[in-house]
Amino acid sequence: MSEIMLSAKGLQRRFGGLKAVSDVSLDIFQNEIHAVIGPNGAGKSTLINLLSGDIPVSGGKVLLGARDITDLAPNTRAMAGVGRSYQKTTIFMDSTVFENVRLAAQAHSGHALRMLGHVRNDTAANASTQAAISETGLTERSGTIARFMSHGEQRQLEIAMVLATNPRVILLDEPLAGMGQAEALRMIALIRALKQGRGVLLVEHDMDAVFALADRLTVMADGQVIASGSPDHVRNHPAVRTAYLGEHEVAA
Amino acid sequence: MNRSLTQPTNLALGLVLILLIALPFFAPNYYVQFASKAMLMGMLALSLNLVVGFGGLVSLCHAAFFGLAGYMLGFQSPESAGASLWLSLPVALLVVAAVAAVIGTLSLRTRGIYFIMVTLAFGEMLFYFFHDTKIGGGSDGLYIYFKPEIALFGQTLIDLDNSRSFYLLVLASLVMTAGLIRGLVNSPFGHALQAARDNERRALSLGFPVFRLRLMAFILSAMIAGLAGYFSAAQFGFVAPQMLGWHLSATVLVMVVLGGMSSILGPIVGAFALIGLEEVLKSAFEHWKLIKGLIIIALVFALPGGLQQLTRLVLPKSEGPHTGKDSDNQPVEADHAANLGSLSDPMTGLIQPPMTSANAKGLQHV
Ligand SMILES: Nc1ncnc2c1ncn2[C@@H]1O[C@H](COP(=O)(O)OP(=O)(O)OP(=O)(O)O)[C@@H](O)[C@H]1O
Ligand SMILES: [Mg+2]
């Protein structure tokens, strides 16, 4: 079996009295896509926020390889190799595609905060920017200001930014949300390519995409894991059918 | 990139600079001193804009850094001679940097309105420290009888008692500070700072140490404010607690807003405009403060982008859809830039934050 890249051990997060995430454990393996599904409010985004460090845990541990990163700030985790996208597209709308991605590359270029010299002259950052842009198929749009791109392209850009940070683990929060058919197909192909050499956690409502992509599947409801395993195993799980999949009438 | 450095802007800037250099050679002494004062306010506004405009951090304690450096010159000035600038200036700036590091470390943990309130509180603490203790002469302040000396091997290089020399030194410092800020804003550091301003969460998840970044900007900005305060104290030969008070901090903030926060030179324009306005009104009306307030309110309403809008209206536009060769290759982006207006504008192009279409286009040719 391949290497575990990131694992959650008994993660908990409370918001006041609400247990948004309770006792969630899962592993993300190298060269695999681990999909997490569940109804609205199940705690999927909260789980990603706990793994990325955007919000602190109420209990449990996050391990990156063998390293305990539970107490690390989000920027430190990013430097250690955890990259993420957001459910609501989070890019710099008034900047171009190139500038957005270069910013991500800059953070990992070794002189992220250098005060001398124009940002434009960082050849290492420029090179990884080009690479990430072409990997996501945005080369044609390199000079376009993000605001003026289609929603699908903006989501692609967000993935390009994640790629430019050279991550070992990628956490994607509903990357297909709001996309048209053609855009969704392109994004699915892109996500499939991401797992090469990395571990991917995919939160997604689009069941066709999930079953097309997932190597491993976890179902959450009310902050808890109700089933986990191979897609086929989960699909036939009775609790899952009643709690979640039943509403969606999966035809696959 | 080519488009943002269009001739009209450079020409206008060059002309203004030549005019400023020439001014002390034909203007009466009073105006030379007045202009020195205005330029020092411009430098203070410039420093504040580094954190406000590019960092998104509205600080209300920059007058405290300004005044603190003034007091540091006062403490280091003997009664019978001038302090050596070579020694007293670095000491003043280091003290300001140390104080800013402490204030920044504590206040940068807060955001938005809380940051404003915490910096205000720290500024007032410094004010009362000098107001209520005997250290700096209490509320009476401190006299600086002799201007700092700039000498090498016993030979005076620049005589600051000569108001023309003083003016030229201040002008040179202002130009240097503006250049420094322009370099910073375009550097990796500057881009990271602006990214944290636009979306802190995103900046963090990309890996930027946002707190450290802001602290560095805060300290640097405080030191530039200190430079202005040092020269200001030297010019007037006097420091008083008012120099550290929130009133000045707020006034400088108005200068920044009037001049336009998204530009590098805007705050200087704002400072000149506000101080000039004050001077004109003072000589013409008895209730000039009231009139000044009304004019500022009117300006803010009329010019949402600050006074910069005015210069944009005054300066000739670079005409034609394809002024730069980049846009010919990429008609789509040219259209987009045109839609955005300000991004492709010749005036702002030079002095705007760098994350614009124009820059990226230049980049593709690297
Ligand atoms: N910052 C917060 N403060 C308070 N409650 C929160 C916060 N973030 C999330 N919650 C609550 O936690 C629960 C889980 O939210 P979460 O966003 O993780 O769900 P989700 O599975 O991502 O849902 P969706 O599919 O709609 O995106 C919800 O009830 C939500 O209201
Ligand atoms: Mg969610």
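Positions within a chain are numbered from 1, following the residues in the order the chain's sequence is written. Key to labels: chains lettered from A, ligands numbered from 1, both in the order written. Since the coordinates come from a predicted model, pLDDT governs what is reported: local features require at least 70, and pairs of side-chain atoms require 80 or more to be given and counted, while whole-chain, interface and lining totals use all residues. The side-chain numbers reported here are obtained from all heavy atoms of the structure, hydrogens and water having been left aside.

Definition used for salt bridges: Asp or Glu carboxyl oxygen within 4 Å of a side-chain nitrogen of Lys or Arg. Tallied over the entire structure, the rule returns 14 salt bridges over all chains. The residue Glu153(A) makes a salt bridge to Arg141(A) at a minimum N-O spacing of 3.0 Å. One end of the pair, Glu153(A), is in helix H5 (residues 151-164); the other, Arg141(A), is in the loop between helix H4 (123-135) and H5, and twelve residues separate them in sequence. Three labels apply to residues, based on accessible area from a 1.4 Å probe with only protein chains included: buried if under 20% of the type maximum, exposed if over 50%, partly exposed otherwise in between. The buried category is assigned to Glu153(A), whose relative accessible area is 15%. For Glu200(B), the salt bridge identified is with Arg214(B), shortest N-O distance 3.5 Å. Under the DSSP-based scheme used, a helix requires at least four consecutive residues in state H or I and a strand at least two consecutive residues in state E, with every element numbered from the N terminus.

Now for the interface of chain B and chain A. Contacts between residues were defined by any pair of non-hydrogen atoms, one from each residue, lying within 4.5 Å. Listed per partner, the contact involves 39 residues of chain B and 43 residues of chain A. Put simply, buried area is the surface a 1.4 Å probe can reach on two separate parts but cannot reach once they are joined, added for both. Around 3,500 Å² of area is buried between chain B and chain A when both sides are counted, 67% of it from carbon and sulfur atoms. For the pair chain B and chain A, the interface holds two salt bridges. Whenever a nitrogen or oxygen atom comes within 3.5 Å of another N or O atom, the pair is scored as a polar contact, on the condition that within protein one atom can donate a hydrogen and the other can accept it, and that pairs from neighbouring residues in sequence are kept only if both atoms are in side chains. Here chain B and chain A share twelve residue pairs in polar contact (both at pLDDT 80 or more) between them. Elements that contribute at least two residues to the side of chain B that touches chain A include exactly helix H6 (163-186), helix H7 (188-198), helix H8 (200-206), helix H9 (210-236), helix H15 (331-340) and helix H17 (357-363) of chain B. Looking at the side of chain B that touches chain A element by element, the count peaks at six residues for H7(B).

This part is about the confidence of the model for chain B. All names here are of chain B. In the predicted model, chain B carries a mean pLDDT of 82, and 81% of its residues have values of at least 70. Each residue carries a pLDDT value, the predictor's own confidence for that position, ranging from 0 to 100. Predicted confidence for residues 316-366 stays below pLDDT 50, and this span has 101 contacts to residues more than four positions away or in other chains. If you check the scores for this complex, the pTM reads 0.86 and the ipTM reads 0.93.

It is worth spelling out the environment of Met93(A) at this point. Residues and elements named next belong to chain A. Looking at the secondary structure, you find methionine 93 in the loop between strand E6 (82-84) and helix H3 (97-107). For methionine 93, a relative accessible area of 26% corresponds to the partly exposed category. Considered as a pair, methionine 93 and phenylalanine 148 are 55 residues apart in the sequence and their alpha carbons are 8.3 Å apart. Those residues in contact with methionine 93 that lie beyond four places of it in its chain are Ile145, Ala146, Arg147 and Gln154.

Residue and element names in this part refer to chain A. Strand order in the open sheet made by the six strands is E6-E7-E8-E3-E9-E10, with mixed pairing throughout. The sheet terminates laterally at E6 and strand E10 (224-229), the two strands that pair on one side only. Ignoring strand direction, the axes of neighbouring strands in this sheet form an average angle of 20°. When E6 meets strand E7 (residues 169-173), the two strands line up parallel, connected through three bridges. Counterpart to glycine 83 in the pairing with E7 is isoleucine 170. A fitted line through C-alpha atoms serves as each axis, taken over the contacting stretch for helices, and the angle formed by two N-to-C directions is quoted from 0 to 180°. Against the sheet, helix H1 (residues 44-52) engages strand E3 (32-37), E6, E7, strand E8 (199-203) and strand E9 (216-221), with an angle of about 150° to E7. The strands touched by H5 within the sheet are E6 and E7, with E7 carrying the most contacts at an inclination of about 160°. We call two strands paired when DSSP finds no fewer than two bridges between them.

Moving on to the coordination of the magnesium ion (ligand 2). The donor set covers N, O and S atoms within 2.8 Å of the metal, switching to 3.2 Å for Na, K and Ca, and it leaves out water, so a site may look short of donors. In this structure, Ser45(A) (OG) and Gln87(A) (OE1) serve as the protein donors to the magnesium ion (ligand 2), at separations of 1.9 to 2.1 Å. Note that Ser45(A) is positioned in helix H1 and Gln87(A) in the loop between E6 and H3, a separation of 42 residues in sequence.

All right, on to the side chain of Arg198(A) then. Residues and elements named next belong to chain A. Within the secondary structure, arginine 198 sits in the loop between helix H6 (181-194) and E8. Within the local environment of arginine 198, its side chain forms a polar contact with the backbone oxygen of leucine 194, the two atoms lying 3.0 Å apart. Each residue touching arginine 198, except ones within four places of it in the same chain, is listed here: Phe29, Gln30, Asn31, Glu32, Glu135, Leu163, Pro167, Arg168 and Ile170.

Here we come to the packing of aromatic side chains. Put simply, two rings from Phe, Tyr or Trp (the six-membered ring, in Trp's case) pair if the centres are within 6.5 Å, and we call them stacked under 30 degrees between planes, edge-to-face over 60, tilted for the rest. Under the counting rule described, the total for this entry stands at twelve aromatic pairs over all chains. Ring centres 6.3 Å apart and planes at 80° place the aromatic pair Phe115(B) and Phe218(B) in the edge-to-face group. Of this pair, Phe115(B) sits in helix H5 (residues 112-132) while Phe218(B) sits in helix H9, and the two are 103 residues apart along the sequence. Measuring from centroid to centroid gives 5.2 Å for Phe129(B) and Phe130(B), while their planes differ by 85°, and the two rings are edge-to-face. On the basis of relative accessible area, Phe129(B) is assigned to the partly exposed category, the value being 37%. Residue classification places Phe130(B) among the buried residues on the basis of a relative accessible area of 2%. One aromatic cluster in this structure is built from Tyr71(B), Phe75(B), Phe129(B) and Phe130(B). In this structure, Arg84(A) packs its charged tip against the face of Tyr86(A), placed 3.8 Å from the ring centre. Lysine NZ or arginine CZ positioned within 6 Å of the ring centre and within 35 degrees of the ring normal marks a charge as sitting over the ring. Here Arg235(A) stacks its cationic end above the ring of Phe211(A), 4.3 Å away from the centre of that ring.

Attention shifts here to the sheet that holds strand E2 (residues 18-29) of chain A. All names here are of chain A. Spatially, the four strands line up as an open sheet ordered E2-E1-E4-E5, and their pairing is antiparallel. Each edge of the open sheet carries a strand with a single partner, namely E2 and strand E5 (67-68). The pairing of strand E4 (residues 59-64) with E5 spans two bridges and is antiparallel. Opposite leucine 64, over in E5, you have arginine 67 as the bridge partner. Contacts from H1 reach strand E1 (4-15), E2 and E4, with the element oriented near 120° to E1.

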